[in-house]
Number of protein chains: 2
Amino acid sequence: MRIEDLFWIGFVGAVVALVFAFVQRGKVLKFSEGTERMQKLAASIRQGANAYLRRQYKTVFIIFLLVFALLLVLAYTGMLDNWYIPFAFLTGGIYSALSGFIGMKIATSSNARTANAAHESLNRGLNVAFSSGTVMGFTVVGLGLLDVTVWFHVLRYVAGYDAVQIAQTMVMFGMGASFMALFARVGGGIYTKAADVGADLVGKVEAGIPEDDPRNPATIADNVGDNVGDVAGMGADLYESYVGSILATFALGASAFAADGLAWRAMLLPLAVAVVGVLCSLLGSFLIKTKENADQRSLLQTLRKGTYSAAALAAVVCAPVSYLLMGSFRAYIAILIGLAAGCAIGYFTEVYTSDTYKPTQTLADATETGSATTIIGGLSLGMKSTAAPVVIISIAIIVAFLAAGGSLNTADQALYTASFGKGLYGIGIAAVGMLSTLGITLATDAYGPVADNAGGIAEMAGLGAEVRERTDALDSLGNTTAATGKGFAIGSAALTALALLVSYVDVVKGKTAALDLELTNPAVLVGIFVGVMLTFVFASLTMSGVQRAAQSIVVEVRRQFRDIPGIMEGAADPDYASCVDLCTKGALHEMVSPSLLAIIVPVITGLLLGPEAVVGLLGGVTVSGFALAVFMSNAGGAWDNAKKYIETGTHGGKGSDQHKAAVIGDTVGDPFKDTAGPSLNILIKLCSTVSIVFSTLIVNCNLTALLG
Amino acid sequence: MRIEDLFWIGFVGAVVALVFAFVQRGKVLKFSEGTERMQKLAASIRQGANAYLRRQYKTVFIIFLLVFALLLVLAYTGMLDNWYIPFAFLTGGIYSALSGFIGMKIATSSNARTANAAHESLNRGLNVAFSSGTVMGFTVVGLGLLDVTVWFHVLRYVAGYDAVQIAQTMVMFGMGASFMALFARVGGGIYTKAADVGADLVGKVEAGIPEDDPRNPATIADNVGDNVGDVAGMGADLYESYVGSILATFALGASAFAADGLAWRAMLLPLAVAVVGVLCSLLGSFLIKTKENADQRSLLQTLRKGTYSAAALAAVVCAPVSYLLMGSFRAYIAILIGLAAGCAIGYFTEVYTSDTYKPTQTLADATETGSATTIIGGLSLGMKSTAAPVVIISIAIIVAFLAAGGSLNTADQALYTASFGKGLYGIGIAAVGMLSTLGITLATDAYGPVADNAGGIAEMAGLGAEVRERTDALDSLGNTTAATGKGFAIGSAALTALALLVSYVDVVKGKTAALDLELTNPAVLVGIFVGVMLTFVFASLTMSGVQRAAQSIVVEVRRQFRDIPGIMEGAADPDYASCVDLCTKGALHEMVSPSLLAIIVPVITGLLLGPEAVVGLLGGVTVSGFALAVFMSNAGGAWDNAKKYIETGTHGGKGSDQHKAAVIGDTVGDPFKDTAGPSLNILIKLCSTVSIVFSTLIVNCNLTALLG
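The structure presented is a predicted model; accordingly, all values stated were derived computationally and were not measured.

Caption draft 1: Structural context of the environment of Ser 245 of chain B. All names here are of chain B. As for its placement among the helices and strands, Ser 245 is situated in helix α7 (residues 219-257). Classification of Ser 245 by C-beta neighbours within 10 Å gives buried; the count is 34. Along the primary structure Ser 245 and Arg 470 are separated by 225 residues, whereas in three dimensions their C-alpha atoms are 38 Å apart.

If you want it as structure tokens, here you go:
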């Protein structure tokens, strides 16, 4: 059997993942949603989330149509490599949207069920919430594999393309998914944090009522936000990383190994690793079973047992797979490096953001001298926390490159040039390795918002302190496992973006012979400047978007407290819907300009200064975006946990001045960690895929070429 | 007469500048220091500043000796290009320290005199303060020209070097000045902000006493801080930029024009531009004369008339000079671009930080919803404000490159390669043009802290509200002119760093043939990662240094309020000296590790991954450092001015909740704009000069070469 006929294994992985997700969904839905009040609350959240996503998709659909039309024009004028790209742009967007939508659907069906199950026992609560997470995790990988495999077969059997053609075409297919993911992350991120910040500022700080209090008009919007931001946004985001890493590795593999006749093999390997990852994740998820009276600590161990077993199993199974396909263990070492780097970044994320470690405790100390020092402390912690991930990614890049056969010794020019592509393939396959067990790591990540929502419902439905304690325990467990998930998300984003950057250079070199990509070329330098600036401006726009949307919520909540009589005594219901509506409008309005930046800036830079500047821009965006994302995510996480740490009774506990300072830190951290930070992960990949898609246009029409 | 014998003009510029500075010093000292109380206060500030600088120089001296010894060892083992470098390292450090010291000396002699003169009239106050600023401005340029010219003549007539040898040796001479400047900026910056934050947190926020109240034990330390941070630090900083830009342009000019036989001419041009700048600055400073009853607005116009006339005059005179030396107006256009870019960046700095424009007013609006939104708003404003400077610098780079004869059209490979060096020379000469009128722009910048101190003395000596109002007017005028000064400082830092980066590549290419500087080389990419990370970690360390030092001041001030009876009634004097001492110790302790990073990280990166990674690192440091510096400076400036804007009576005015939120923003902004931001400007240049000095070592001993 020929290797190129073995790509059907992608379908196997896809079907297994999707069937498993469907089974888990059935399991979750069998649980009861609890009391009538709980059902009503869950329904309002579901309604709000549905309404938001529907309107978000409508807005995005219009933008997609415009870009689709633009792509058709480009294809017609010969400025696009082929006619498949516009259609693949659409399917990527649809699948990515679907990943978010399904994740959101199951999450909004699981929150009341989790609260109700937690009413019975902590263990049952975990069970429901985690199963809901697996639905999302396996849907994402299932749809991702499906998208990749379907298009592969279309290009292979309908278009009759060879390996390099397929790879170079498919690397452009990531754009639709990235674009959709960016809208979902930015829009959802603005929604969730506007609601959260708005609810906290008036409710907690001004009116002095607790979090999730039913008297707070913004409380439903806050819970809706968890679903549209943390769940739907994350689903679209990781769908995009997953697919992006496979496609970039296709491209690098095909071009590096074409001369050796190993192109199909080099392309099959990432797909095979992904399928292995699905199966191992599935097995790992079966290990997550707890005793009836387990405490929080043992729950964490159980979750870890599941994820680590899946990773270890994948590490073992990938060895023979890599050897069989590539005839050596070179690529395998790169895969291992990817897995290890993901774990290591996750570990340092935890060190910098968990209150069981020194940094967050020191940040809590800073609350003793007020909110200014709390802010300075958090910013400084976040900036310092970039060191470890950068060093880890740097080591991963170098080791993966060397392991896969690359040479860094430029003195031996012949060897250096000949081995260069193979080394780069190592970087791509490391990203695939890092994301191979995404099914289960995403499950442990996605269950957090469900537990958070369950806590909200428990509070609003008056289920009593014990249930709230249990959902809080689940939530805080989720925060810990989410740290690892974030490590994988951010590490894979950086590696994938680099792989895409290199693919871009490959694509451009096929179109023009004359390129000076040396760092001393002013066009490259200016590109780096613009790329770095783009990440700062993008982060700024998402943050100011949150702020503007939050301020409108503040005004509305204040108005309701003033105008609706009896609201504070619980005699009258607040108007939840108006807050949901305001958040929706605000988020949709604020999401457009930062998202469009990611398309417009690379294209304009290219049109003005040519492809060299675009390469510089991609380098600048990737590196600066990575550092900013780590900085903002970790600062936000540390502020959040410093506040929770104080709430356990240290530094004066809840209600003290120290606690107030910590709440201010947490509020600043919200748009950091849940809007700007994760959106930057997508930005860096979207810029690359946009550049690849528009490469023919830019190579042929740019000012420097015209000047010369 | 031969061109290479015309470099004595540097001595002319140096002597004119230094004599003028000395005359201005005499003029200032003729004014009276006022009442006995004022003299006593001025003496304590002088004492504190002297004591700090003495100890700072002692600490730095030890580190300098260690590096000097290391350089001697390298020279001995053949890992350094020649034996002059260690000694030039020392003189650079000494001259830079001297610039800071003289600036501080005159500033601490002028503060009481300014207060006393302001007692008589606003105009007289301006007169004293501005004269004090000119002493500093002209001392810096005079010493800079002296250092450059002396070494040029030593190398030319003692060592007998040719143009390229002189240029390639002298480009290494910036390291001493950069190193000293970094210590001065970081140490001084930590000192001044620790005192400021500490004094504010306990005095203003906890005890509710006004700024500069004599009952506050940290108030003298606060005033000392203005002198050691804002004055001495700034002097050392700009000395380094000034010398660095000239030396980098020497190197680029000599290598680009050697083949045409124009090397001496290309080297004489930056020196001639600098001398022209000195003379024009001198003439400009004579224009700064005001009518006796001038208001604040007309004072600003007067100051602007001085600086703009100097710049315009320099622009006119440089035209024939450039044409005579280079035979065309190519370099001249680059000089104009440099001047224009400096003004443009300064303009946008003002737009983003002055309360007469929208951004700062919007930031003041954010105080309505509390301190969290104030912080988010300021961070978001700062990040957004990176856009304009990056675009301006990008345009300046491209236009200067093209104007000076470079081509960006890589398709015509022969032309591209042949013209490349000349284009880069344009970038260097643009930086020199930007800094040519430093004498007067620095004067308008340096007078601000003097006015600030004068206000403090007026308050402490009880000179009455009218005098305080006048010194406040002078101070706020200083803030506006300082915005322009910052534009020049930051723009020239970026251009100089790029020129140094390119010189580094030149130097390395002379030592090894095999280099792959393309952005796709993993070593280059990892270098960029490390460079970007370095800027974040550096900013973090300086901020946490401020925070730790400030916390120790808070504890001490609280202790004094508690333990010294009668302090709050004004019956007993607080122990000012102990706060001065604590700040000194804290600053010296905290300044060492961030400063050493700038040396250690590039060298270690080079030793591990070779010169390609160092080039990447320099690119990453420069671009990310530029963006971070703009972000932090502008966010800090905007918070400061939003607070002042509220104090004029908007948003509830002084004492309102909005004002409290603004004070928190201002406190966060203090280490942003006065410690981390300006230090980053130096970091980016120090990394380059360090890399150049250690280039032989790194080319010969690095892991990738050994592996290969």
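Caption draft 2: Local environment of the relation of the copies chain B and chain A. Between chain B and chain A, the superposition needs a rotation of 180 degrees and an axial shift of 0.0 Å, giving an RMSD of 0.0 Å. What the rotation and shift describe, once combined, is the action of a two-fold rotation axis. Taking C-alpha positions as the reference, the residue of chain B nearest the rotation axis is Glu 518 of chain B, at 2.1 Å. A share of 100% of the interface residues of chain B reappears at the interface of chain A, consistent with the copies meeting face to face through the same patch.

Caption draft 3: A look at unusual backbone geometry. Unusually for a residue other than glycine, His 651 of chain A sits at a positive phi of about 45 degrees. Topologically, His 651 of chain A is positioned in the loop between α18 (576-647) and α19 (657-693).

Caption draft 4: Fine view of helix α1 (residues 9-29) of chain A. The end-to-end C-alpha separation of α1 of chain A is 30 Å, in line with the 30 Å expected for 21 residues at 1.5 Å each. Every buried residue of α1 of chain A is listed here: Gly 10, Gly 13, Ala 14, Val 16, Ala 17, Phe 20, Ala 21, Gln 24, Arg 25 and Val 28 of chain A.

Caption draft 5: Representation of the environment of Asp 670 of chain B within the structure. Residue and element names in this part refer to chain B. If you trace the backbone, Asp 670 turns up in helix α19 (residues 657-693). Given 25 C-beta atoms within a 10 Å radius, Asp 670 is considered buried. Linking Asp 670 and Asp 212, residues 458 residues apart in sequence, is a C-alpha distance of 16 Å.

Caption draft 6: Spatial organisation of the packing of helix α9 (residues 296-326) of chain B against helix α10 (residues 330-353) of chain B. Residue and element names in this part refer to chain B. Relative to each other, α9 and α10 sit at 160 degrees, their axes nearing to 8 Å. In this view, α9 runs roughly antiparallel relative to α10, as classed from their interaxial angle. For the pair α9 and α10, the sense of crossing is right-handed. Contacts between α9 and α10 pair Ala 311, Ala 315, Cys 318, Ala 319, Ser 322, Tyr 323 and Met 326 from the former with Arg 330, Ala 331, Tyr 332, Ile 335, Leu 336 and Leu 339 from the latter.

Caption draft 7: Quick peek at α7 of chain B. All names here are of chain B. Between the first and last C-alpha of α7 there are 56 Å, a value that for 39 residues agrees with the 57 Å anticipated at 1.5 Å per step. Where α7 bends most, at Met 234, the angle is about 25 degrees. With 39 of its 39 residues buried, α7 lies for the most part within the structure.

Caption draft 8: Highlighting the packing of helix α1 (residues 9-29) of chain B against helix α4 (residues 122-158) of chain B. Residue and element names in this part refer to chain B. Their axes nearest at 7 Å, the elements α1 and α4 cross at an angle of 155 degrees. Here α1 is positioned roughly antiparallel relative to α4, judged by the angle of their axes. Pair α1 / α4 crosses with left-handed handedness. Of the residues contributing to the contact of α1 with α4, the split by class is 14 nonpolar, 9 polar and 2 charged.

How each quantity is defined
Residues numbered from 1 in each chain as written. Chains lettered and ligands numbered in written order. Predicted model: local features only at pLDDT ≥ 70, side-chain atom pairs only at ≥ 80, totals over all residues. Helix = DSSP H or I, 4+ residues; strand = E, 2+ residues; numbered from the N terminus. Buried ≥ 20, exposed ≤ 12 C-beta atoms within 10 Å, placed from the backbone. Least-squares fit on C-alpha atoms with pLDDT ≥ 70 in both. Contact = placed C-beta atoms within 7 Å. Expected span 1.5 Å × (residues − 1). Axes fitted to C-alpha atoms, helices over the stretch in contact; angles between N-to-C directions. Parallel < 35°, antiparallel > 145°, perpendicular 65-115°, else oblique. Left-handed = near helix turned anticlockwise from the far one by under 90°. Bend = angle between axes of the 7 residues up to and from the residue. Nonpolar A, V, L, I, M, F, W, Y, C, P; charged D, E, K, R; others polar.

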